[in-house]
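# Reading the structure
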Amino acid sequence: MALYDVVCDDRMSPLQEQNPLSAIQNNPEQHEPLTPAMFHVLLALAGDDLHGYAILKEVGLRTGGKVKLSTGTLYGIIKRLLADGLIVERRSRPADANDDERRRYYRLTPQGREVAAAEAERMDEVLSIARARNLLKKPRPA
Amino acid sequence: MDAQDSRAARFYRALLRLLPFDFRGDFGPEMETVFHELRKEAGRHG
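Heads up: these notes are all about the structure in this document.

About the cut-offs
- Residues numbered from 1 in each chain as written.
- Chains lettered and ligands numbered in written order.
- Predicted model: local features only at pLDDT ≥ 70, side-chain atom pairs only at ≥ 80, totals over all residues.
- Heavy atoms only, no water.
- Helix = DSSP H or I, 4+ residues; strand = E, 2+ residues; numbered from the N terminus.
- Contact = heavy atoms within 4.5 Å.
- Buried area = accessible area lost by both parts, 1.4 Å probe.
- Salt bridge = Lys/Arg side-chain N within 4 Å of Asp/Glu carboxyl O.

## Notes on unusual backbone geometry
- Of note, A:Asn134 is a non-glycine position whose phi angle comes to about 55°, a positive value.
- Relative to the assigned elements, A:Asn134 resides in the segment after α6 (110-132).

## A look at the interface of chain B and chain A
- Counting residues at the interface gives 14 residues for chain B, matched by 16 residues for chain A.
- When chain B packs against chain A, the two sides together hide about 1,400 Å² of surface, and 60% of this comes from carbon and sulfur.
- Looking at the side of chain B facing chain A, the largest losses of area belong to B:Phe27, B:Glu30 and B:Val34, adding up to 37% of the total buried there.
- Counting the contacts that link chain B with chain A gives three salt bridges.
- Residue B:Glu41 is joined to A:Lys57 by a salt bridge in which the shortest nitrogen-to-oxygen separation is 2.8 Å.

Nothing here speaks to function; it is all geometry.
Have a look at this one:
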């Protein structure tokens, strides 16, 4: 998929360069921990570019219905992730999109992928400790 | 059912007016489409 069809690209604007937060954003491990809901949204977008309703469905499906995001929660998260540069809105719609034109499609940025990966690593470390303390009932999948 | 749908849509639109202006401007229309999708899905599942 071409990069030109996103609203923003990964180049830093002069305004971003002056923002002290951008230094943290450039180092995914220094990004503040994500909330579980934010992490689920990033995980959903790690698979494909999705619109809001599809994100809700994907999160519900992947968690067996255990995580249900409300519309308000979802768009609060989307606003935050857009502001942090972890996702962008796609400028173009998928070729096979035959749906409501008010729908907007979101895409994970390379920075968003790095932050999600750093979060997964953090969680893996915590799980390793839990496993060492025999707190996990299920064996580790191969 | 249509009247109910329309009432629900009006009620949801009224709720959206409680959101901050910028947020509503950015996401309000899309939130409405998601609300309609969820309503349709709930209708399908009874």
